[in-house]
Amino acid sequence: MTPTVLFVCVHNAGRSQMAAGWLQHLAGDRVEVLSAGSAPADTINPMAIAAMAEEGIDIASAQPKILTDGAVQASDVVITMGCGDACPFYPGKRYEDWKLDDPAGQGLDAVRPIRDEIRARVEALIAEIAPTGGPAA
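Note that this is a predicted model, so its numbers are computed, not measured.

The rules behind these values
- Residues numbered from 1 in each chain as written.
- Predicted model: local features only at pLDDT ≥ 70, side-chain atom pairs only at ≥ 80, totals over all residues.
- Heavy atoms only, no water.
- Pairing = 2+ DSSP bridges.
- Helix = DSSP H or I, 4+ residues; strand = E, 2+ residues; numbered from the N terminus.
- Axes fitted to C-alpha atoms, helices over the stretch in contact; angles between N-to-C directions.
- Phe/Tyr/Trp six-rings, centres within 6.5 Å; stacked < 30°, edge-to-face > 60°.

Asks: Go over the sheet that holds strand β3 (residues 77-80), please, and point to the residues and values.
Replies: Reading across from one edge, β2-β1-β3-β4 is the order of the four strands in this open sheet, with parallel pairing throughout. Edge strands, defined here as strands with exactly one partner in the open sheet, are β2 (32-37) and β4 (94-97). The average undirected angle you get between the axes of adjacent strands in this sheet is 20°. Two strands pair when backbone bridges link them, and strand β1 (residues 4-9) and β2 are joined in this way by six bridges, in the parallel orientation. Note that in β2 the partner of Val8 across the bridge is Ala36.

Asks: Residues and numbers for the packing of aromatic side chains, please.
Replies: In the structure shown here, the tally under the stated rule is one aromatic pair. Seen from their ring centres, Phe7 and Trp98 are 5.8 Å apart, and the 55° between their planes marks the pair as tilted. On the criterion of sequence distance, the pair formed by Phe7 in strand β1 and Trp98 in the loop between β4 and α4 (108-129) is long-range, its members being 91 residues apart.

And the structure:
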């Protein structure tokens, strides 16, 4: 069974898109990746795109999407990044709130540490929900 992870931030333009990019890149087809925002922006943050491009990950073609109940219901893990009460809660889902600085309006030098912290958190998440090797759980 492939776990589904939903990353949510208000605009779905920075943190959640970088997290989705990392998870897709690092876990491949071992995890289904979704992202959404409670008030999606029109476009992805260009500094988030640039920061991820430095790591060889292209998120430029991603589009901010509106958060729906269906996306939450389809997910095994819901990771919020500052959207608070806008995220619907369903029993039986795993919820985590990642406290991360908002890259909106920041330069590349400020976005890089956010990108790197997201990578570390995504790597830890993958180790928990989609480990490689060993007997199947």
